[in-house]
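Structural features, examined
Read off the chains here:
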Protein chains: 2
Amino acid sequence: MECSKCGNPQIIYKQEQSGQILCKDCFINSIEKKVIKTIKKEKLLNKGDKVLVALSGGKDSVTTLEILNTFRERNIIDLCAVTVDEGIANYRQEGIDIAKRHAQRLGIPHKVISLKDEHGISLDEIMKKPNHKGSCSYCGVFRRTIINKAAREMNATKIATGHNLDDEVQAIIMNYLEGNINNLGKLGAKTESQAEEFTIKIKPLREIPEREIGLYVVAKDLEVHFNSCPYATQSFRGEISEIINQLNENHPTIKYSTLRGYDKIKPAFNKEFKQEYSKNRCKRCGEPSSNELCKACTFLKELGV
Amino acid sequence: MECSKCGNPQIIYKQEQSGQILCKDCFINSIEKKVIKTIKKEKLLNKGDKVLVALSGGKDSVTTLEILNTFRERNIIDLCAVTVDEGIANYRQEGIDIAKRHAQRLGIPHKVISLKDEHGISLDEIMKKPNHKGSCSYCGVFRRTIINKAAREMNATKIATGHNLDDEVQAIIMNYLEGNINNLGKLGAKTESQAEEFTIKIKPLREIPEREIGLYVVAKDLEVHFNSCPYATQSFRGEISEIINQLNENHPTIKYSTLRGYDKIKPAFNKEFKQEYSKNRCKRCGEPSSNELCKACTFLKELGV
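A short tour of the structure in this document, coming up. Predicted model, so just to flag it, every value in this text is computed and none were measured. (Residues numbered from 1 in each chain as written. Chains lettered and ligands numbered in written order. Predicted model: local features only at pLDDT ≥ 70, side-chain atom pairs only at ≥ 80, totals over all residues. Heavy atoms only, no water.)

Glancing now at the relation of the copies chain B and chain A. Aligned on chain A, chain B shows an RMSD of 0.0 Å; the corresponding rotation is 180° and the shift along the axis is 0.0 Å. Here the two chains are linked by the operation of a two-fold rotation axis. Using C-alpha coordinates, one finds that chain B approaches the rotation axis most closely at B:A268, a distance of 2.7 Å. Of all interface residues in chain B, 100% are interface residues in chain A too; the two copies therefore contact each other through one and the same surface. (Least-squares fit on C-alpha atoms with pLDDT ≥ 70 in both. Contact = heavy atoms within 4.5 Å.)

Written out as structure tokens, the structure reads:
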């Protein structure tokens, strides 16, 4: 057995979906080329963009920062980064420290913003409330508003998140199963801004399977926070993730076929279910919101904060 | 515990998705009302229709025949039935005998058409060929052409199949996962004819979960063929069926939410991916076909028949 690309006998990976066997250098190269291909195909970057990376310190966001930094080194874009501290004891601090070290190493401006400072309550405190709605609902909404606000304050033109192929396919299937048409229209490689104040979001790793990102950070010797969130197992997403990986064993191209199918359907959704984004403001925080209160403020009110 | 509808203490079913507890009569009634509701909502029947029921003798097709017969008794529609004998030893004959007895009992014209007589090869013979493509591919295509032809010969205006909620949701999810946009547009309660010679297909049981149909035939004391096809376990559909039922345990409305989501998306597909049906004919059999040979004749040629 030798590398399909260069003949090196020290192989580190067999790509199930393509059948390719790769050595370390060719594997690293293949991931970076594929991410760049996604960026070009989906027009994720324009020259002069200032991209804010949502940097948790985990493998996905560190890989996003690392590959986008090659565009910064070539003076195509500028970069900055934000880490949200949700307030999860024995979990978040390690990620913050790792994020800080990467930003410092690359010389990229970096902010840490805590949910407790921003909204007066931490995720651990939320999870102690009776009748809470599950960690992921709160975490998703609060992280989104915090990152959006930071992007505005740092004058970013794009927000890059570390969503990988597995994340994207899970979201697609969850929304298919829930019949959630509105959310289905919002997925994809690039989310157009819904209101002037919301920065466009991009997902450069959208076509890279999670396990390949795990291997990429090991191959590149990048320090990452490998622990998983203590609240993650409670979610519907966890169930769907397990199911997709179980199907993937017999059908190694199933994640890609689901993604390609969704990408073909998406323009049809968007024509049929075109949403007029409201110019209304949340009465409490002033952010764009189609209802009287935005989702974050609705949650905060329910939580009595 | 007593029946949610009439108070009868002899309950036979708890409907997970609605929380209703039902006695035998109210359960039977609820199924029949729901099927009639689907027929009305989706406009599946017109007065004067002659409906051909694809009658395998299994629970789904027997239930379809039984409920459509109430429309025949009220002189709204006329009925006939066809059973396809695929040629599966130790399996099909029992279904044929049961189908015959139901047709006789209700006084409905009934034909049995065998794959061997029609195309010169049985499914058992196909499955002995090296490099066959899996039983379900052949069975689906050949049954479809046989039933279409029979509908024409019997002057039927609609073909009713026994597809239940589980069948429909499996098909939807399989096509989502395979990214098969063309097939996705063809699902739904009523399949418009793709060419003049193809009769419109309707699925009256599309909103009834499989297990409720199983219970319906027991409650109504209807004789049905309960064995499952010996080839069924080899299929991707089997895998998907297992997964959906596994999800259904924690999310008892998931089949309905998937169906409702699909129904909302379908008009968008059909606008975006409108197919012009070709007026071409298969060179071999003369049936409508967009390619030189129709799918059935392509298979027959590959099989050397």
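Moving on from the model shown.
Time to look at the sheet that holds strand 6 (residues 158-160) of chain B. Residue and element names in this part refer to chain B. Read from one edge of the open sheet, six strands run 5-4-3-6-8-7, paired in mixed fashion. Unpaired on one side and paired on the other, strand 5 (110-114) and strand 7 (190-191) mark the two borders of the sheet. Against the sheet, helix 6 (residues 135-153) engages strand 3 (50-54), strand 4 (78-85), strand 5, strand 6 and strand 8 (200-202), with an angle of about 145° to strand 4. (Pairing = 2+ DSSP bridges. Helix = DSSP H or I, 4+ residues; strand = E, 2+ residues; numbered from the N terminus. Axes fitted to C-alpha atoms, helices over the stretch in contact; angles between N-to-C directions.)

What follows is about helix 7 (residues 165-178) of chain B. All names here are of chain B. In this model, helix 7 (14 residues) spans 20 Å end to end at C-alpha, consistent with the 20 Å of a helix rising 1.5 Å per residue. The buried count for helix 7 comes to 13 of 14 residues, which makes it a mostly enclosed element. Capping of helix 7 at its N-terminal end is provided by N164; its side-chain oxygen lies 3.0 Å from the backbone amide nitrogen of D166. Phi turns positive, to about 65°, at G179, one or two residues after helix 7. (Expected span 1.5 Å × (residues − 1). Buried < 20%, exposed > 50% of the residue type's maximum accessible area, 1.4 Å probe, protein only. Polar contact = N/O pair within 3.5 Å; in protein donor to acceptor, adjacent residues only side chain to side chain.)

What follows concerns unusual backbone geometry. Positioned with a positive phi, A:N155 is a non-glycine residue whose angle comes to about 55°. Secondary-structure assignment places A:N155 in the loop between helix 6 (135-153) and strand 6 (158-160).

What follows concerns the environment of B:K128. Residue and element names in this part refer to chain B. Within the element layout of this structure, K128 appears in the loop between helix 5 (123-127) and helix 6. Residue K128 is classed as exposed on the basis of its relative accessible area, which comes to 69%. Each C-alpha atom, one on K128 and one on Y256, is 39 Å from the other, the two residues being 128 residues apart in sequence.

With that out of the way, let us pick up the environment of B:V217. All names here are of chain B. Looking at the secondary structure, you find V217 in helix 9 (residues 210-219). Remark: the alpha-carbon pair of V217 and G58, spanning 159 residues in sequence, is separated by 9.8 Å. The residues touching V217, leaving out its near neighbours within four places in the chain, are K59, T63, L222, V224 and F226.

With that settled, consider the packing of aromatic side chains. All names here are of chain A. Under the counting rule described, the total for this entry stands at nine aromatic pairs over all chains. The interplanar angle of 55° and the centroid separation of 4.7 Å between the aromatic rings of Y138 and F299 together place this pair among those described as tilted. Of the two residues, Y138 is situated in helix 6 and F299 in helix 12 (residues 295-302); the sequence distance between them amounts to 161 residues. Judged by its relative accessible area of 2%, Y138 is buried. Judged by relative accessible area, which is 9%, F299 ranks as buried. Relative to F299, the ring of F142 has its centre 6.2 Å away and its plane inclined at 65°; by these criteria the two rings are edge-to-face. Taken together, the residues span a long stretch of sequence, with F142 in helix 6 and F299 in helix 12 at a distance of 157 residues. Assessed through its relative accessible area of 1%, F142 is described here as buried. Ring pairing ties together the aromatic residues Y138, F142 and F299, which thus form one cluster. The ring of F71 is capped by R74, whose NZ or CZ atom sits 5.0 Å from the centre of that ring. (Phe/Tyr/Trp six-rings, centres within 6.5 Å; stacked < 30°, edge-to-face > 60°. Lys NZ or Arg CZ within 6 Å of the ring centre and 35° of its normal.)

Residues and elements named next belong to chain B. Residues of helix 12 (residues 295-302) that are buried: A296, C297, F299 and L300. Down the axis of helix 12, the buried side of the element spans an arc of 155°, and every buried residue falls inside it. The outward face of helix 12, more than 90 degrees from its buried face, is lined by the exposed residues K295 and K301. Among the structural elements, helix 4 (115-119) and helix 6 are those in contact with the buried residues of helix 12. One or two steps after helix 12, the chain reaches G304, where phi turns positive at roughly 75°. (Arc of directions from axis to C-beta.)

What follows covers the packing of helix 7 of chain B against helix 10 (residues 236-250) of chain B. All names here are of chain B. Where helix 7 meets helix 10, the closest approach of the two axes is 9 Å, and the angle between their N-to-C directions is 110°. It follows that helix 7 is roughly perpendicular to helix 10 by the angle criterion. For the pair helix 7 and helix 10, the contacting residues are D166, D167, V169, Q170, A171, I173, M174, L177 and E178 in the first and F236, R237, I240, S241, I244 and N245 in the second. Among the residues forming the contact of helix 7 with helix 10, the class breakdown is eight nonpolar, three polar and four charged. (Parallel < 35°, antiparallel > 145°, perpendicular 65-115°, else oblique. Nonpolar A, V, L, I, M, F, W, Y, C, P; charged D, E, K, R; others polar.)

Before going further, it helps to examine the pattern of salt bridges. Between side chains of opposite charge, a pair can form as their charged atoms come close. Residue and element names in this part refer to chain A. Overall, the coordinates contain 40 salt bridges over all chains when judged by the stated rule. The salt bridge involving K41 is made with E207; its shortest N-O contact spans 2.6 Å. Of the two residues, K41 is situated in helix 1 (residues 24-41) and E207 in the loop between strand 8 (200-202) and helix 9 (210-219); the sequence distance between them amounts to 166 residues. Here E207 makes a salt bridge to R260, at a shortest N to O gap of 2.9 Å. On the criterion of sequence distance, the pair formed by E207 in the loop between strand 8 and helix 9 and R260 in helix 11 (residues 254-272) is long-range, its members being 53 residues apart. (Salt bridge = Lys/Arg side-chain N within 4 Å of Asp/Glu carboxyl O.)

Turning to the packing of helix 1 of chain A against helix 9 of chain A, a few remarks are in order. Any two packed helices are characterised by how steeply their axes cross, that is the angle between the axes, and by the distance between the axes. Residues and elements named next belong to chain A. Interaxial distance between helix 1 and helix 9 falls to 10 Å at its minimum, and their mutual angle equals 125°. Regarding the angle of helix 1 to helix 9, the classification is oblique. In this structure, the crossing between helix 1 and helix 9 has a hand that is left-handed. In contact with K24, F27, I28, I31 and E32 of helix 1, helix 9 contributes E212, L215, Y216 and A219. The residue makeup of the contact of helix 1 with helix 9, split by class, is six nonpolar, no polar and three charged. (Left-handed = near helix turned anticlockwise from the far one by under 90°.)

Successive residues of a regular strand alternate their side chains across the two faces of the sheet. Residue and element names in this part refer to chain B. Of the pairings in the sheet, the one linking strand 1 (residues 11-14) to strand 2 (residues 21-23) comprises three bridges and is antiparallel in character. Bridge assignment links K14 to a residue of strand 2, and that residue is I21. Taking the residues between adjacent antiparallel strands as the criterion, strand 1 and strand 2 are bridged by six residues, where G19 takes a positive phi near 80°.

Facing the 27 residues of chain B at the interface are 27 residues of chain A. Counting each side, the surface lost to burial between chain B and chain A is near 2300 Å², with a carbon and sulfur contribution of 66%. Taken together, the links from chain B to chain A amount to zero salt bridges. Linking chain B to chain A there are six residue pairs in polar contact (both at pLDDT 80 or more). (Buried area = accessible area lost by both parts, 1.4 Å probe.)

A word on the sheet that holds strand 6 of chain A. Residues and elements named next belong to chain A. Spatially, six strands are ordered 5-4-3-6-8-7 in an open sheet, and the strand pairing comes out mixed. In this open sheet, the two edge strands, each paired with only one partner strand, are strand 5 (110-114) and strand 7 (190-191). For strand 7 and strand 8, the ladder comprises two bridges, and the chain directions are antiparallel. For T191, the partnering residue across the bridge sits in strand 8 and is K201.

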